[in-house]
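# Descriptive analysis of the structure
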Amino acid sequence: ETEIGLAEPLVIFRRADLHAFLLDRATGAGTDVVRERVVDFRRDRTRWTLTTGAGDARREHGPFDFLIAADGAGGFARRRLTHAVPSADLTQGLGYHVADASDDAVILRFYSGLDGYLWVFPRLDHASVGICGGLGRRPAADLYALVDRFVRERYGDRALARAERYAALIPASPAETDRISVAGDGWALAGDCGQAVDPLTREGIYFAMLSADLLADALLHGRPGEYPAAWRARMGEEFAWAARHAPAFFDPVFIERMVRLSRRSRSVRATLADLISGRQSYRTLKRRLLFQAPIVAWQAIRGAATAPVSSATAGTTIGST
């Protein structure tokens, strides 16, 4: 394993806090929030009507000029508007919220035969410990076994017994991003619903916000048809690169070499730190590595670099098993 220091602290929010903050901002900007589950929608000519509730409590809302679906990878809106996310593009993520965990750095661990990784994200009063892998490529029971063993070894049996389980479907963008339908006549998809997820890291929150920003800009300019092109220009090339290289990245031989080289090369650690924090794009990664090749080779041969010590808010540990 190796430890990587980040140039700036990596701040991690609880989902509940982030959701409440965004909802407050939306309400303050004049949004009418209806706290009910949408169970149906229909279009009459050019206007949309939404239905919420069930039985006698069913209510209709509208009409609306434009429909935006953001109900996640497994939501019904996407299936109604275009098609379901293909199973090959889905990842299963599962794990625990572990109370009173004492980690002070992000931890990533890779396993042989897993096209994903285990993570620890420390938060104020607990740690999120999870694992992800391609849907159907490894049984959920096997993934839970890996997480259970990690939690027991790191936090103890008592922590595992008290931990709260969670699970989610995570979509990923395929290498052929033109297969993704993010908009149509009078509607658009944002976030996980539109597969705005990095297929390598499975990072989705940043790209959900970015897709919403691109869609809002298109709507504000009265040109919603420009949203798909803007989506592909800002995310498509990055996602396509990541999807093409994901199989090689999760190969055990590559992971082992990357971790060993990171321990010996300050330049490689800096590059990984920028990747983790979102400062280094995939499209310019090869150019940067080629430019750094001589110094990396020198550092690796001489073993001149030693692993830096990270602070409680500015570090990540990467390991392979």
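Residues numbered from 1 in each chain as written. Predicted model: local features only at pLDDT ≥ 70, side-chain atom pairs only at ≥ 80, totals over all residues. Heavy atoms only, no water.

### Overview of the overall build of the protein chain
The secondary structure content of the protein chain amounts to 9 helices and 13 strands. For the protein chain, the C-alpha radius of gyration of 22 Å lies close to 20 Å, the compact-globule estimate for 321 residues. Principal-axis analysis of the C-alpha atoms places the extent of the protein chain at approximately 70 × 50 × 40 Å. In the protein chain, buried positions account for 42% of the 321 residues. When contacts within the protein chain are restricted to residue pairs at least 6 apart in sequence, those whose partners lie at least 24 apart make up 68%. Of the roughly 17700 Å² of accessible surface on the protein chain, a fraction of 54% belongs to carbon and sulfur atoms. A gap of 4 Å separates the mean positions of the 42 positive and 38 negative side-chain charges of the protein chain. (Helix = DSSP H or I, 4+ residues; strand = E, 2+ residues; numbered from the N terminus. Rg over C-alpha atoms; globule rule 2.2 N^0.38 Å. Buried < 20%, exposed > 50% of the residue type's maximum accessible area, 1.4 Å probe, protein only. Contact = heavy atoms within 4.5 Å. Areas by Shrake-Rupley, 256 points an atom, 1.4 Å probe, with all protein chains shown as cover. Lys, Arg positive; Asp, Glu negative; His and termini not counted. Charge placed at Lys NZ, Arg CZ, Asp CG, Glu CD.)

### A word on the sheet that holds strand E5 (residues 67-69)
As summarised here, the arrangement of the 3 strands in space is E5-E12-E11, forming an open sheet in which the pairing is mixed. Looking at the sheet topology across the chains shown, the edges are occupied by E5 and strand E11 (183-184). In this structure, E5 lies alongside strand E12 (residues 187-189), joined through 3 bridges in parallel fashion. Within E12, the residue paired with Leu-67 across the bridge is Trp-187. (Pairing = 2+ DSSP bridges.)

### Examining the confidence of the model for the protein chain
Averaged over the protein chain, the pLDDT score is 87; the fraction of residues at 70 or greater is 92%. Of the regions scoring below 50 in pLDDT, residues 307-314 engages in 22 contacts with residues more than four places distant in sequence or in other chains. (pLDDT = per-residue confidence, 0-100.)

### Some thoughts on the packing of aromatic side chains
Counted by the stated rule, this structure contains 14 aromatic pairs. Measuring from ring centre to ring centre gives 6.1 Å for Trp-119 and Phe-121, while their planes differ by 25°; the resulting arrangement is stacked. Here Trp-119 falls in the buried class, since its relative accessible area comes to 9%. Under the relative-accessibility criterion, Phe-121 is labelled partly exposed at 26%. Both rings, one in Phe-249 and one in Phe-254, keep their centres 5.5 Å apart while their planes meet at 55°; by these two values the pair is tilted. Take Phe-254: its relative accessible area is 37%, and that puts it in the partly exposed class. Aromatic ring contacts, followed pair by pair, group Phe-110, Tyr-117, Trp-119, Phe-121, Phe-249, Phe-250 and Phe-254 into a single cluster. Here Arg-80 stacks its cationic end above the ring of Phe-41, 4.4 Å away from the centre of that ring. Geometry around Tyr-144 places Arg-165 over its ring, the cationic atom sitting 3.8 Å from the centre. (Phe/Tyr/Trp six-rings, centres within 6.5 Å; stacked < 30°, edge-to-face > 60°. Lys NZ or Arg CZ within 6 Å of the ring centre and 35° of its normal.)

### Concerning the side chain of Ser-128
Mapping Ser-128 onto the fold places it in strand E9 (residues 126-134). Under the relative-accessibility criterion, Ser-128 is labelled buried at 4%. A distance of 3.0 Å separates polar atoms of two side chains, one belonging to Ser-128 and the other to Tyr-166. In contact with Ser-128, not counting residues within four places along its chain, are Tyr-96, His-97, Trp-119, Val-120, Phe-121, Arg-123 and Tyr-166. (Polar contact = N/O pair within 3.5 Å; in protein donor to acceptor, adjacent residues only side chain to side chain.)

### Thoughts on a nonpolar patch on the surface
Residues Phe-21, Leu-22, Ile-205 and Met-209 make up a contiguous nonpolar surface patch of roughly 340 Å² in combined accessible area. At the level of elements, helix H1 (15-28) and helix H5 (205-220) are the ones that each hand at least two residues to the nonpolar patch. Here Leu-22 lies in helix H1. When its relative accessible area of 31% is taken as the criterion, Leu-22 is described as partly exposed. (Patch = residues over 30% accessible without salt bridge, like charges linked within 9 Å, V, L, I, M, F, W, Y side chains within 5 Å. Salt bridge = Lys/Arg side-chain N within 4 Å of Asp/Glu carboxyl O.)

### Here we look at the sheet that holds strand E3 (residues 47-52)
A sheet is described by the order of its strands in space; here 3 strands give the open sequence E2-E3-E4, paired in antiparallel fashion. Since the sheet does not close on itself, it has two edges, and those belong to strand E2 (38-44) and strand E4 (59-64), each with one partner. When strand polarity is set aside, the average angle formed by the axes of neighbouring strands in this sheet is 20°. In the sheet, E3 pairs with E4 via 4 bridges, with the strands oriented antiparallel. By the bridge assignment, Thr-51 is partnered in E4 with Glu-60. (Axes fitted to C-alpha atoms, helices over the stretch in contact; angles between N-to-C directions.)

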